[in-house]
Amino acid sequence: MEIDHTYRGREHSLIKHELLKGYLQKLLLIVGTSGTREITYVDCFAGPWGSEDESLDGTSIAISLGILKGVQDTLAAPPYSIPSLKLRAIYVEKAERRYQRLASYLMTNAPPSIECHALYGDYSDLQDDILRMCGKGFAFFFIDPKGWKDVTIPKLRKLAARPRSELLINFMYDFFNRFIDLPSLNNQVTDMLGKLDESDRQTLAARLPKDRAAWVVNRYRECLKAAAGTEGREKPRAYHAIVKDKDKDRTKYHMVYVTRHPKGIVVFAEQSEKVDFIQRVVRIQTARERSGQRGLFAPEQEAEQIDDGRVGLDMVEDYWLKLLDTEARAFDEAVLADMLESQGWQISDFQQAFGRLQAAGKVENIDARGSRKRHFVYFDKAERLRKTR
Ligand SMILES: C[S@@+](CC[C@H](N)C(=O)[O-])C[C@H]1O[C@@H](n2cnc3c(N)ncnc32)[C@H](O)[C@@H]1O
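This section reports on the structure supplied with the text. (Residues numbered from 1 in each chain as written. Predicted model: local features only at pLDDT ≥ 70, side-chain atom pairs only at ≥ 80, totals over all residues. Heavy atoms only, no water.)

## Quick look at the overall build of the protein chain
Then, number 1: Along the protein chain, the regular secondary structure elements total 14 helices and 10 strands.
Then, number 2: Radius of gyration (C-alpha) of the protein chain: 22 Å, near the 21 Å computed for a compact globule of 389 residues.
Then, number 3: A principal-axis box enclosing the C-alpha atoms of the protein chain has dimensions of 65 × 55 × 50 Å.
Then, number 4: Looking at the 389 residues of the protein chain, the share that counts as buried comes to 50%.
Then, number 5: For the protein chain, the accessible area works out to roughly 19,000 Å², and carbon and sulfur atoms hold 50% of it.
Then, number 6: Each charge class in the protein chain can be summarised by its mean position, and for the 61 positive and 57 negative side chains these summaries are 2 Å apart. (Helix = DSSP H or I, 4+ residues; strand = E, 2+ residues; numbered from the N terminus. Rg over C-alpha atoms; globule rule 2.2 N^0.38 Å. Buried < 20%, exposed > 50% of the residue type's maximum accessible area, 1.4 Å probe, protein only. Areas by Shrake-Rupley, 256 points an atom, 1.4 Å probe, with all protein chains shown as cover. Lys, Arg positive; Asp, Glu negative; His and termini not counted. Charge placed at Lys NZ, Arg CZ, Asp CG, Glu CD.)

Encoded structure:
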């Protein structure tokens, strides 16, 4: 895999951008064909960051504009033929020099068919302006700070509470974790996770580092969902993807995603699984370059063999068996979204475990025709599943 030179030394940003790119494109196509007239993309921590090029290649600014334009062109052409969809992009930057670079980049590079705005200041202080500019249509907020104090719940509450919106937040757990137990930062920790009582503290203290991270990120997800509130009948939902450090075997960021639509969770989970593979390839490549050694296999082949901390399929099989009854019931995308949210596993974990149970004669997909190799359940077709005994 060719890694663009702009990502050298910051390969984790490549992974973050792959996730943003892949998800945003799918999301915009889905929302754009759903009858919505107006979509706004908001980059709350725009930069430019990490790129000295005038082209701003390798920044979320250039990436998002490219995606918006590509989706607009696709939707304007047959078979969609939706020329009237309004696309808007709002970029917010607090540092003056970066804001000036951003504003001048937009002046010369923004496609005329997309309404673009550069806002100067703290995104949290600008929430009312941002919301006014978003109008009534769909909005996607990309929130990508350098630390954690800018993504406490009170700081982003207004954006989270907006109906017809989704958020993608870069949660820097590692930084945050250092402060959780610091009495002087109690209030800020409460702003992230709600009040931690004695039993929460004991739970945290007893956990191994990886489980502690999972507990904290899940709690943050719950707080975000509470801030999102309910809109009509759709409950808020959240999921997260992990971006690893390029060198060390530890998590660099948790990309936390909040939506009100089950399809959003499914599409985001599909994209995080694709990106997880790219991440493994990139980590193998950078390790080889560092050591000067060539592997026996291509990085892509080696990446296929690495499970990188994924859940064991025995555990997923047990979960399936608890979920299923001998009486068949439909498993649609809303059920899959519930499964993904509650377990945090990948879609292929559920598929593979179901396939193994089916091969062992323990479960059955009563709507499946013919033999299947990978997709044992089509959740988008609400196939009916049962256990055999
Ligand atoms: C990690 S960088 C953003 C990277 C960018 N999203 C990307 O992927 O290319 C964070 C940026 O947000 C800006 N910033 C920091 N605090 C901010 C705030 N409260 N409101 C708006 N911008 C902020 C910083 O100056 C910096 O340019």
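## Some words on the sheet that holds strand β3 (residues 115-120)
Then, number 1: Taken together, the 7 strands give an open sheet; going across it, the order is β3-β2-β1-β4-β5-β7-β6, and neighbouring strands pair in mixed fashion. The two strands at the open ends of the sheet, each matched to only one other strand, are β3 and β6 (237-244). Ignoring which end each strand starts from, the neighbouring axes of this sheet average 15° apart.
Then, number 2: Relative to strand β7 (residues 251-259), strand β5 (residues 165-171) runs antiparallel, the two being bridged by 5 bridges. Bridging from a neighbouring strand, Ile169 pairs with Val256 of β7. (Pairing = 2+ DSSP bridges. Axes fitted to C-alpha atoms, helices over the stretch in contact; angles between N-to-C directions.)

## Notes on the sheet that holds strand β8 (residues 329-331)
Then, number 1: If you trace the 3 strands from one edge of the open sheet to the other, you get β8-β10-β9, paired in antiparallel fashion. Two strands close off the open sheet at either side, each with one partner strand: β8 and β9 (363-365). Strand-to-strand twist across the sheet, computed as the mean angle between neighbouring axes with direction ignored, equals 35°.
Then, number 2: Strand direction decides the pairing type here: β8 and strand β10 (residues 383-387), joined by 3 bridges, are antiparallel. In the sheet register, Phe331 faces β10, and the bridge partner there is Glu383.
Then, number 3: Strands β9 and β10 of the sheet are contacted by helix α14 (residues 347-359), whose axis makes an angle of about 110° with β9. (Contact = heavy atoms within 4.5 Å.)

## Observations concerning the site of the ligand
Then, number 1: In the vicinity of the ligand lie 21 residues, with His17, Ser60, Glu93, Arg98 and Asp144 positioned nearest.
Then, number 2: The backbone of Ser60 places a nitrogen or oxygen atom 2.9 Å from an oxygen atom of the ligand.
Then, number 3: Between the ligand and Asp144, the relevant distance is 2.8 Å, taken from a nitrogen atom to a side-chain nitrogen or oxygen of the residue.
Then, number 4: For the ligand, whose accessible area on its own is 610 Å², the fraction buried by protein is 96%.
Then, number 5: Considered class by class, the residues forming the shell around the ligand number 8 nonpolar, 5 polar and 8 charged. (Near = heavy atom within 4 Å. Polar contact = N/O pair within 3.5 Å; in protein donor to acceptor, adjacent residues only side chain to side chain. Nonpolar A, V, L, I, M, F, W, Y, C, P; charged D, E, K, R; others polar.)

## Focus: the environment of Asp73
Then, number 1: Position of Asp73 relative to the elements: it lies in helix α2 (residues 60-76).
Then, number 2: Among the residues examined, Asp73 registers a relative accessible area of 40% and is labelled partly exposed.
Then, number 3: Between the C-alpha atoms of Asp73 and Tyr7, which are 66 residues apart in sequence, the distance is 28 Å.

## Section: the environment of Phe331
Then, number 1: Note that Phe331 resides in strand β8.
Then, number 2: The spatial distance from the C-alpha of Phe331 to the C-alpha of Gln202 is 37 Å, given a sequence separation of 129 residues.
Then, number 3: Once residues lying within four places of it in the same chain are set aside, the contact partners of Phe331 are Trp320, Leu323, Leu324, Met339, Tyr378, Phe379, Ala382, Glu383 and Leu385.

## Some remarks on the packing of aromatic side chains
Then, number 1: Summed over the entire model, instances satisfying the criterion amount to 20 aromatic pairs.
Then, number 2: Ring centres 5.9 Å apart and planes at 40° place the aromatic pair Trp148 and Phe179 in the tilted group. Placement of the pair is Trp148 in the loop between β4 (138-143) and α5 (153-161) and Phe179 in the loop between α6 (173-177) and α7 (186-193), with a sequence separation of 31 residues.
Then, number 3: By relative accessible area, which is 27% here, Phe179 ends up partly exposed. (Phe/Tyr/Trp six-rings, centres within 6.5 Å; stacked < 30°, edge-to-face > 60°.)

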